[in-house]
There are 2 protein chains.
Amino acid sequence: MATNMTRGRAARAWHVLCLVLLPLLVAGAARAQAGDPLPSWNDGAAKARIVAFVRAVTTPGGPDFVAPAERIAVFDNDGTLWSEQPMYFQLAFAIDRARAMVAKNPALASRSAFKAAAAGDMKALAATGEKGLLELVALTHAGNTAEEFAQVVRDWVTTARHPTLKRPYTELTYKPMRELLDYLRANGFRTWIVSGGGVEFLRVVSEELYDVPPEQVVGSSIRTKYEVRDGRPAIVRLPEIDFVDDKAGKPVGIHKAIGRRPIAAFGNSDGDFQMLEWTTSGPGPRLAVLIRHDDATREFAYDRASHFGRLARGLDEGPARGWTIVSMKNDWNRVYEQP
Amino acid sequence: MATNMTRGRAARAWHVLCLVLLPLLVAGAARAQAGDPLPSWNDGAAKARIVAFVRAVTTPGGPDFVAPAERIAVFDNDGTLWSEQPMYFQLAFAIDRARAMVAKNPALASRSAFKAAAAGDMKALAATGEKGLLELVALTHAGNTAEEFAQVVRDWVTTARHPTLKRPYTELTYKPMRELLDYLRANGFRTWIVSGGGVEFLRVVSEELYDVPPEQVVGSSIRTKYEVRDGRPAIVRLPEIDFVDDKAGKPVGIHKAIGRRPIAAFGNSDGDFQMLEWTTSGPGPRLAVLIRHDDATREFAYDRASHFGRLARGLDEGPARGWTIVSMKNDWNRVYEQP
């Protein structure tokens, strides 16, 4: 009897809920159907290709249907989801941190890479070679715990400004790409970031910037170890490279972290070539997209010329491989959230 | 007008749906509330502790509420989710594979570890030391592509039988633990496996056995490289250890793969000690559980005595740390799906 009464109450509550929610739900559904999920993309071949792919893999019973579990999409970060000029933002972070560390401890300036970084002298920094850069990474990125490092990044991200655009780095994500992330997720995809940048750097901002949780970020890493310091367990960051998630490292990083081959991949440089190649060499429908930086007015125009984010092989071989080349200038009607 | 008509039709459809689904939904909710989500667990301190923890972290507005994104639970595999006696199942796989390889290529028997493994001589295998075991792993686990290796594991898993229990290894998962995985997921947790075993071995079975997708499996690994062989891209497995996900390696593996500290951890041996320590040293509500193998009748009784899955420090220090010790004998009313 009690159960019947409970059911009766539940039934009434359900009914009332239906009546109240109905207009909202129907209106919402109509709006979503009518609305363009990619409003910052101009109509054109690139947008049409993306939409056709998503429709194909999500059409139940269709020849190209892909089960939701296999709808994995991977995105490069620097130059694909946010800007990377005049240098990778993480390098800007390393330089700012080198400066702050030298200010506290001037003896550090005796190391040439550190001195060059602190002085903002990119030529001198490049001249220190791989050894110098590794030393810079070791000193600016290691020696503390994972939690301490995340706090240092968080502090930097909230205060630093892009050198020429004079705005926070966090405002320099691409609106069309954020729409694309949302669009894919709304269609049952899981979106992963696969970056040549440091995974522990990127994880601090990935959720806020892209709604991508830390466990869906793959990147380069330094070695860490677990240690109980004064009774407090910690993950300690060591001055040693563990993994470089770039070029042929990207498919390896994807395999390590995800264990399945993605069906869609998005990049902007030859550092993403193998990731797109790996993605598109699987069976069934595949989507590979390269973002071409050709918009000197609203962002930067570089492609083949740049030191950071050079795109040459992808432009040469991509189209014949069925990859989609997106022109920032022509395919996007806006670049950032704030124009 | 068309929109209004569409809305009208949608409204009617919605109304009909409500009427049809209502009894089902209400009945389902009543059953779920009434039902015990952990029927294979006997009432007792261990079960009560688990249920109280889950209620605490899922009660909105409560002092111990944890946002779903942070509801990460990590599970050891061997001895925690399935049996590990008389040896880790992956070692049984390596031995079977060594045997098959020697049958095809008798010259391989000149390597002492291989010879011992193929002969099933555990003492001789142990005598080859770490070098011998690494050689065994290198030869039985490397040299092929990731896809080929997964197929080899799949073939083995579907045909192999446990030496004493005479049934497929896949039937040797613990029913109480599978209920626990389901229960946690139904409460918004994401469940991860963090195993000392090989990640590429475990990923082949994790979804079928535990509903844990490959991207939520962390484990030991060998190095891989990306290679285009005769125009076909592949992940190639190299005979080199990349990462050992055991003891102090477990928090490191968790940090690498997840990037957040879990709030619940489940293990059965001292190889899990640091994982439980790391989990429980964070702020807020925490749950750490150790499964004690004390059931010689239905499974195996070992704990302090065993070579595989030895539990000593956890028993000595766990209770004072607030960790829950589960007795398989007393806390579980069944062990496997099939008695």
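### Focus: the overall build of chain A
Helix and strand counts for chain A stand at 13 helices and 7 strands. Long-range contacts, defined as pairs at least 24 residues apart, comprise 65% of the intrachain contacts of chain A with a sequence gap of at least 6. Carbon and sulfur atoms make up 56% of the accessible area of chain A, which amounts to about 15,300 Å² in all.

### Considerations on helix α10 (residues 249-257) of chain B
Across the 9 residues that make up α10(B), a large majority, 7, are buried. Within the sequence span of α10(B), burial applies to B:Gly249, B:Lys250, B:Pro251, B:Val252, B:Gly253, B:Ile254 and B:His255.

### Here we look at the sheet that holds strand β4 (residues 232-243) of chain A
Residue and element names in this part refer to chain A. The 7 strands lie next to each other as β4-β3-β2-β1-β5-β6-β7, forming an open sheet whose pairing is mixed. Whereas interior strands pair on both sides, the edge strands pair on one side only; in this sheet they are β4 and β7 (324-327). The mean angle between the axes of side-by-side strands here comes to 30°, regardless of whether they run parallel or antiparallel. Relative to strand β5 (residues 264-267), strand β1 (residues 72-75) runs parallel, the two being bridged by 3 bridges. Bridge assignment links Val74 to a residue of β5, and that residue is Ala265.

### Thoughts on the sheet that holds strand β2 (residues 190-198) of chain B
Residue and element names in this part refer to chain B. With mixed pairing, the 7 strands of this open sheet are ordered in space as β4-β3-β2-β1-β5-β6-β7. At either end of the open sheet lies a strand with only one pairing partner, and these are β4 (232-243) and β7 (324-327). Strand-to-strand twist in this sheet, taken as the mean axis angle between neighbours without regard to direction, amounts to 30°. In the sheet, strand β3 (residues 217-229) pairs with β4 via 8 bridges, with the strands oriented antiparallel. By the bridge assignment for β4, Tyr226 is matched with Ile235. Against the sheet, helix α8 (residues 175-186) makes contact with β1 (72-75), β2, β5 (264-267) and β6 (287-292), and its axis sits at roughly 165° relative to β1, the strand it touches most.

### Considerations on the nonpolar core
One finds A:Phe75, A:Trp156, A:Met177, A:Leu180, A:Phe266 and A:Trp332 to be the most contacted residues of the largest nonpolar core, which totals 69 residues. Among the elements that take part in this core, helix α3 (residues 89-104) of chain A stands out by supplying 8 residues, more than any other. The residues contacting A:Phe75, other than those within four sequence positions of it, are A:Leu81, A:Met177, A:Leu180, A:Leu181, A:Leu184, A:Thr191, A:Trp192, A:Ile193, A:Val194, A:Phe266 and A:Met275. In terms of nonpolar packing, the next biggest core, distinct from the first, is built from 68 residues, B:Ile193, B:Val205, B:Val326 and B:Trp332 among them.

About the criteria used
- Residues numbered from 1 in each chain as written.
- Chains lettered and ligands numbered in written order.
- Predicted model: local features only at pLDDT ≥ 70, side-chain atom pairs only at ≥ 80, totals over all residues.
- Heavy atoms only, no water.
- Helix = DSSP H or I, 4+ residues; strand = E, 2+ residues; numbered from the N terminus.
- Contact = heavy atoms within 4.5 Å.
- Areas by Shrake-Rupley, 256 points an atom, 1.4 Å probe, with all protein chains shown as cover.
- Buried < 20%, exposed > 50% of the residue type's maximum accessible area, 1.4 Å probe, protein only.
- Pairing = 2+ DSSP bridges.
- Axes fitted to C-alpha atoms, helices over the stretch in contact; angles between N-to-C directions.
- Core = buried A, V, L, I, M, F, W, Y, C linked by side-chain atoms within 4.5 Å.

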